[in-house]
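# A closer look at the structure
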Amino acid sequence: MTRLYALIVAIFIALSLPALAQDQQAPNYDAWDKVAAQTEQILESNQANEARLQAIRGEIVKWRDQFKSQEGVNSTRITTLKDQITALGPVPAEGQAEAEDVAARRKELNDQLSELQAPGLKAVEAFGRADSIVTQIDQKIRAQQASALVRKTPSPLNPGNWTVAMTEAAKVVRNIVAELRDNWTKNGGISGLTQALPVIAAFMLAALFLLTRGRRWIGSLPSRLSARASDRVRAALVFGVSLGQILIPFLGMLLLVGALYSTGLFGNWSQPLLLAIPAGAMAYISGIWLCWQLFPEPGSGVTPALPLSDRQRAQARFRAEVLAFCLAVHLVFGRTMLPLAGFNSDADRDIGAIPQRLSEAAAGVWYLPLILIACFYLFNLGNILRRMRASDVAGVPQYRITVAAILGAVVRLIALVVPVLAMLGYVTAANALLWSTVLTLGLAGLLIVLQDFIGDLYGLAVGNGSARDSLIPGLIGFALVLLSLPFFALIWGARTNDLSEAWLRIQQGITFGGITLSPMGILGFLLVFGIGYMLTRFVQGAFRNSILPKTTMDAGGQSAVISIIGYIGIGLAAMLAISASGINLTSLAVVAGALSVGIGFGLQQVVSNFVSGIILLIERPVAVGDWIEVGGKQGIVKKMAVRATQIQTFDRTEVIVPNSDLITQQVTNWTRANLTGRIIVKVGVAYGSDTRKVERILREIAEDQPTILIEPPPAVLLVNFGADSLDFEIRAVLSDINGGVGVGSEIRHQIAERFAAEGIEIPFAQRDLWFRNPETLFAKPPSAPGKPKSGDPAQIEAAPKDKPLPTAFSTGELPSDVEGDGDGDGDGDGDNT
């Protein structure tokens, strides 16, 4: 344990030494002023080339980093002095005086504060000047690169340039051959290789084995494993094994290059080409692997990533392989022999170039056929991507199809523009546009493959097979897209210096309204808020499972306490996170004041519901599980949130009631205080029935119900002499009103049984229906041809005299004047109609 403590202390001291050294050693501002003045003169002269500007920029960046480290010098002591000054109280207003000892102490502290702040302020000023110089240098470099990109060179269509191209290429070949011959002779021929021959032979044999047998074996391994693996692990396993299709051939190529390099035959003319081969091989091998991942053959075990038919995948695979080969050729010769290679097309700083590169006229001639071949296959590949349809393969996200179709349309246009640019003499621009497009397609394809692999890996982890459409793989895929943005920028001509400057600007943050947001501040906010959120959930879980169940508080009260803890905890976590991110809460107060007007008008209903929810949680007039009625809706409270309350009606439908309605409207709570409640069962008996007997029977039925309370006893009341019956009511209090409907139904069943047994009649209303002028129901139309007019009395034929007319829906003989009004029509109006 002692050793562990010692190790921790040693690591802490080691990490602290650089910071302590920076604090103790201040920059030499006099030297900086001289360097800055010289740099500004060079920038004003506009005579420095890109290489010199890059060198100057590197030196200025070192100065800027020193100034940045000095900006926070004496920060601890400065904070202490500010607290001491604040403790003395506010500065007296004009015309007022304070105690002499306090004023003297305030002056002393202010002098010390000014002295401690001076180095930091000087560093800030120097940092600003250095940063401005770096920005000017970057602008100069970008201007020179843009000028080189759009510079017109001799057209490759000029026949005079063809001879130049052949002559210069032949000269390079002769120089390479002569160099190899001279080195062979200088090293003593085969006898000079005797000592290194075993190593060279071993490297050669290993390289040939990896490039032939190893490549074929690793190429067939995914399909063989796919046939044996289960559905759950197949996709992830095949992808992992397929990475060997990159590693093994590339390792074989490295061994081959190493074997050739160890011969000592390669010099200034041939060595740059030899050292450029691994980069080109890596581009070609990776391109082939990506083609087989995006456009797999049937039975290869790889799940198709794009919705293409087998024929379309084969066509797309061949075209992409040709593009990968063209890109490899461009990388090898563009870095070593040919100028005008595209973005930043000067001599490659890592591997160098041959002593004398081809002229611009010759380079254009040699680039033209490569550009034409690449654009032809790029155009065809764009056609395939543009015509993709979602119906070809199921399970492919729609956004992927949309992006691929857009890329297909764009690359078709680029494939048409690039050859025209090259023929007109803008070879640098043509190369930059063409190969950046190819690399962009490759990087987009790699993102697709990685997203699918992450989905398969996540499905393997959760035991759900392929989970490419799940949330977690989607978020990780989105993060991959964000992380790939710098690589896209590098592809399209951005320099690493540009990316570092962009990251520096991001670190400095974005300031608006007195609030500065930076990546570290946002990260600190998320970290602190996440910890606070998890602690809040932990405390809520402890109260829910361990503390509140041991109290006498009901379920509704427990839910209210847990909700209040959650609101308080999340609010505190938010405030602590804001402070941890470096945001001043006083600045937020100004923003909150400005937003309060908008909240008052636009979000007043939301705020009203929120406040009402807090009131409901505190006063608890309604709790989860209560049977309530509000706004004409009845049901059981299932959930109470800060904005609305969820009620489940007896029809099993969910009703969302805003909390403000529970505060401002009349609410009937059937079960808030207790579960007891009264039911009323109405029944009518025929006139002439023994009312005392009816009352006794109804009372016995009510008292026999197990959930009806004895105290208060059920009441049986004769409440009305109705038009058709004597109306009785049973009024009883139940121990659980939730079963009121069932109890009422059972009482009615027993009433029907007892009344039938006792001969008590339950009356019901009866009605006789009579017709006026019934002879019109049996009228016949006239036999004359033609259609009579509807409703014409002259066209109605009387009914036969031997067929009586019915006067009512009745089987008995009834008098015609049933109303006694003397008119004989039975309608009671006395008008005989």
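Residues numbered from 1 in each chain as written. Predicted model: local features only at pLDDT ≥ 70, side-chain atom pairs only at ≥ 80, totals over all residues. Heavy atoms only, no water.

### Concerning the overall build of the chain
- The helix and strand inventory of the chain stands at 23 helices and 10 strands.
- With 833 residues in all, the chain has 35% of them scored as buried.
- Within the chain, residue pairs in contact and separated by at least 24 positions form 70% of the contacts whose partners lie at least 6 positions apart.
- By element, 62% of the accessible surface of the chain is carried by carbon and sulfur atoms, the whole surface being about 48700 Å². (Helix = DSSP H or I, 4+ residues; strand = E, 2+ residues; numbered from the N terminus. Buried < 20%, exposed > 50% of the residue type's maximum accessible area, 1.4 Å probe, protein only. Contact = heavy atoms within 4.5 Å. Areas by Shrake-Rupley, 256 points an atom, 1.4 Å probe, with all protein chains shown as cover.)

### Considerations on the side chain of Glu-501
- On the secondary structure map, Glu-501 appears in helix α16 (residues 496-508).
- Among the polar contacts listed, one links the side chain of Glu-501 to the side chain of Arg-57, at a separation of 3.0 Å.
- Setting aside residues up to four positions removed in sequence, Glu-501 forms contacts with Arg-57, Arg-64, Asp-131, Val-134 and Asp-138. (Polar contact = N/O pair within 3.5 Å; in protein donor to acceptor, adjacent residues only side chain to side chain.)

### Concerning the pattern of salt bridges
- Inspection of every chain in the model, using the stated rule, returns 23 salt bridges.
- Across the salt bridge formed by Arg-57 and Asp-138, the nearest N and O atoms sit 2.6 Å from each other. One end of the pair, Arg-57, is in helix α3 (residues 50-70); the other, Asp-138, is in helix α5 (residues 100-149), and 81 residues separate them in sequence.
- Judged by relative accessible area, which is 3%, Arg-57 ranks as buried.
- Between Lys-693 and Glu-758 there is a salt bridge; the shortest N-O distance is 3.1 Å. Linking Lys-693 in helix α22 (residues 691-703) with Glu-758 in helix α23 (residues 740-758), this pair joins segments that are 65 residues apart in sequence.
- Of the residues examined, Lys-693 reaches a relative accessible area of 23% and is grouped as partly exposed.
- Three or more residues are tied together by salt bridges with common partners; here these are Arg-57, Arg-64, Asp-131, Asp-138, Arg-142, Arg-495, Asp-498 and Glu-501. (Salt bridge = Lys/Arg side-chain N within 4 Å of Asp/Glu carboxyl O.)

### Thoughts on the state of the cysteines
- Here the structure, examined in full by the defined rule, presents zero disulfides.
- The cysteine Cys-326 is free of any disulfide, with Cys-375 supplying the nearest cysteine sulfur at 9.5 Å.
- Given the relative accessible area of 3%, Cys-326 is considered buried. (Disulfide = S-S within 2.5 Å.)

### Quick notes on a nonpolar patch on the surface
- Taken together, the side chains of Leu-527, Ile-531, Tyr-533, Met-534 and Leu-535 define a hydrophobic patch exposed on the protein surface, amounting to about 510 Å² of accessible area.
- Examined against the element boundaries, Leu-527 turns out to sit in helix α17 (residues 519-547). (Patch = residues over 30% accessible without salt bridge, like charges linked within 9 Å, V, L, I, M, F, W, Y side chains within 5 Å.)

### Description of the nonpolar core
- Membership of the largest hydrophobic core comes to 64 residues, with the highest contact counts inside it found for Phe-295, Ile-371, Leu-434 and Trp-435.
- Listed by contribution, the elements that provide at least two residues to this core are α6 (159-186), α9 (244-261), α10 (271-294), α11 (310-336), α12 (360-386), α13 (398-424) and α14 (427-462).
- Counting residues per element, this core draws most heavily on α12, which supplies 14 residues.
- Dropping the residues within four chain positions of it, Trp-435 is found in contact with Cys-326, Leu-327, His-330, Ala-341, Leu-370 and Ala-374.
- Listed in part, the 24 residues of the second largest apolar core include Leu-698, Ala-702, Ile-708 and Phe-728. (Core = buried A, V, L, I, M, F, W, Y, C linked by side-chain atoms within 4.5 Å.)

### Notes on unusual backbone geometry
- For the peptide bond that leads from Glu-711 to Pro-712, omega is 0°, which places it in the cis range.
- Position of Pro-712 among the secondary structure elements: in the loop between α22 and β9 (715-721).
- Even without a glycine there, the phi angle at Asn-74 is positive, about 60°.
- According to the relative accessible area criterion, Asn-74 is partly exposed, its value standing at 30%.

### Comments concerning α6
- Its 28 residues place the ends of α6 41 Å apart at the C-alpha level, agreeing with the 40 Å of an ideal helix rising 1.5 Å per residue.
- Of the positions making up α6, those classed as buried are Asn-161, Ala-165, Ala-169, Val-172, Ile-176, Glu-179 and Asn-183.
- Along its buried surface, α6 packs onto α10 and α12.
- Immediately downstream of α6, the backbone of Gly-188 shows phi near 90°, a positive value. (Expected span 1.5 Å × (residues − 1).)

### Quick notes on the packing of aromatic side chains
- According to the stated counting rule, one finds 10 aromatic pairs in the structure shown.
- Ring geometry for Trp-32 versus Trp-63: centroids 5.8 Å apart, planes at 40°, classification tilted. One end of the pair, Trp-32, is in helix α2 (residues 29-45); the other, Trp-63, is in helix α3, and 31 residues separate them in sequence. Here the two residues Trp-32 and Trp-63 agree in accessibility, since each one is buried.
- Where Trp-627 meets Phe-650, the ring centres are 5.3 Å apart and the plane angle is 85°; that geometry is what we call edge-to-face. Of this pair, Trp-627 sits in strand β3 (residues 627-630) while Phe-650 sits in the loop between β5 (644-648) and β6 (654-658), placing them 23 residues apart in sequence.
- Of the residues examined, Trp-627 reaches a relative accessible area of 12% and is grouped as buried.
- Three or more aromatic residues joined by ring pairs make a cluster, and in this case those are Tyr-29, Trp-32, Trp-63 and Phe-67.
- The cationic tip of Lys-68 hangs over the ring face of Phe-127; the distance from NZ or CZ to the ring centre is 5.3 Å. (Phe/Tyr/Trp six-rings, centres within 6.5 Å; stacked < 30°, edge-to-face > 60°. Lys NZ or Arg CZ within 6 Å of the ring centre and 35° of its normal.)

### A few points about the sheet that holds β9
- Pairing within the open sheet is antiparallel, and its three strands lie in the order β8-β10-β9. Of all the strands in the sheet, just β8 (677-685) and β9 have a single pairing partner and so form its edges. Taken over all neighbouring pairs, the strand axes of this sheet differ in orientation by 25° on average, direction set aside.
- As paired strands, β9 and strand β10 (residues 726-734) are joined by six bridges and run antiparallel to one another. Of the residues in β10, the one forming a bridge with Leu-717 is Glu-729.
- Here α22 sits on the sheet and contacts β8, β9 and β10; the angle it forms with β10, its principal contact strand, is near 25°.
- Packed onto the sheet, α23 meets β8 and β10 and runs at close to 25° relative to β8. (Pairing = 2+ DSSP bridges. Axes fitted to C-alpha atoms, helices over the stretch in contact; angles between N-to-C directions.)

### Observations concerning the environment of Gly-58
- Note on placement: Gly-58 falls in helix α3.
- On the basis of relative accessibility, which here comes to 32%, the residue Gly-58 falls in the partly exposed class.
- Counting along the chain gives 439 residues from Gly-58 to Asn-497, while the straight-line C-alpha distance between them is 9.4 Å.

### Thoughts on the sheet that holds β5
- With antiparallel pairing, the five strands of this open sheet are ordered in space as β6-β5-β4-β3-β7. Taken across any chain shown, the strands that pair with only one partner, and hence form the sheet edges, are β6 and β7 (667-669). For this sheet, the mean inter-axis angle between neighbouring strands, taken without regard to orientation, is 40°.

### Looking at the packing of α14 against helix α15 (residues 471-491)
- Between α14 and α15, whose axes approach to 10 Å, the crossing angle comes to 160°. Taken together, the axes of α14 and α15 are roughly antiparallel relative to one another. The handedness of the crossing between α14 and α15 is right-handed. Residues Ser-436, Leu-439, Thr-440, Leu-443, Ala-444, Leu-447, Leu-450, Gln-451, Ile-454, Gly-455 and Tyr-458 of α14 form the contact with α15, whose participating residues are Ile-472, Pro-473, Ile-476, Gly-477, Leu-480, Val-481, Ser-484, Phe-487, Phe-488 and Ile-491. (Parallel < 35°, antiparallel > 145°, perpendicular 65-115°, else oblique. Left-handed = near helix turned anticlockwise from the far one by under 90°.)

### Some thoughts on the pairing of β10
- Taken together, the nine bridges between β8 and β10 define a ladder with antiparallel strand orientation. Looking at the pairing, Arg-678 lines up with Val-733 of β10.
- Once β9 ends, the chain turns through four residues before running back antiparallel as β10.

### Topic: the packing of α11 against α14
- At a minimum axis distance of 11 Å, the contact between α11 and α14 shows a crossing angle of 130°. Regarding the angle of α11 to α14, the classification is oblique. The handedness of the crossing between α11 and α14 comes out as left-handed. Here α11 contributes Leu-323, Cys-326, Leu-327 and His-330 to the contact with α14, which in turn contributes Asn-431, Trp-435, Val-438 and Leu-439.
- Looking at the contact of α11 with α14, its residues break down into six nonpolar, two polar and no charged. (Nonpolar A, V, L, I, M, F, W, Y, C, P; charged D, E, K, R; others polar.)

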